[in-house]
Amino acid sequence: QVQLVESGGGTVQPGGSLRLSCFASGDKFTSYIMGWYRQTPGKQRDLIAQMSTEDGLDYADSVKSRFTISRDNDTNTAYLQMNSLKPEDTGVYYCYAYFFGHYWGQGIQVNVSS
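Residues numbered from 1 in each chain as written. Predicted model: local features only at pLDDT ≥ 70, side-chain atom pairs only at ≥ 80, totals over all residues. Heavy atoms only, no water.

Now for the state of the cysteines. The full count for this structure, using the stated rule, is 1 disulfide. Paired by a disulfide, Cys 22 and Cys 95 hold their sulfur atoms 2.0 Å apart. Judged by the sign of its S-S torsion, about -80°, the bond between Cys 22 and Cys 95 is left-handed. Note that Cys 22 is positioned in strand E3 (residues 18–24) and Cys 95 in strand E9 (residues 91–98), a separation of 73 residues in sequence. Comparing Cys 22 with Cys 95, the two get one shared label, buried. (Disulfide = S-S within 2.5 Å. Helix = DSSP H or I, 4+ residues; strand = E, 2+ residues; numbered from the N terminus. Buried < 20%, exposed > 50% of the residue type's maximum accessible area, 1.4 Å probe, protein only.)

Next comes the structure, spelled out in structure tokens:
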């Protein structure tokens, strides 16, 4: 069982930045595939960034060049650095891990508004 805890959400003006953090439990973190999903009202939860165990990266077209996913294997933490934020980036962001099963964080709200 993997437990995920997100932090770092909040409200920011358009053009601003936020960094989301996701702490993962367990002692096999280096073997976890980590990702971030976003859900907006009335829409499905979509993958926006993913990092494999070999540090392969994958981004949704809508966030390429603005968002960066990373991980710190020493602290069992994944990050999502979000720059040049737009109002359409508003939503609930979920941390995701795959390790012989699918695991989700509780979700964290990000609001981009002037």
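Turning next to the layout of surface pockets. Space inside the largest pocket adds up to approximately 190 Å³. Lining the largest pocket are 13 residues; nearest its centre among them are Arg 38, Thr 40, Asp 46, Ser 62 and Glu 88. Looking at the lining of the largest pocket element by element, the count peaks at 3 residues for strand E5 (residues 46–51). Taken together, the residues that form the lining of the largest pocket break down as 3 nonpolar, 3 polar and 7 charged. (1 Å grid on protein atoms, 1.4 Å probe; cavity = no way out; pocket = protein on both sides within 12 Å on 5 of 7 lines; lining within 4 Å. Points joined across faces, edges and corners; volume = space filled by probe spheres on them. Nonpolar A, V, L, I, M, F, W, Y, C, P; charged D, E, K, R; others polar.)

As a further point, take the pairing of strand E1 (residues 4–7). Side chains Leu 4 and Glu 6 project from E1 onto a buried face, and the interleaved Val 5 and Ser 7 project onto a face without burial. One ladder, built from 4 bridges, connects E1 with E3; its direction is antiparallel. From the neighbouring strand, Leu 4 faces E3, where its bridge partner is Ala 24. (Pairing = 2+ DSSP bridges.)

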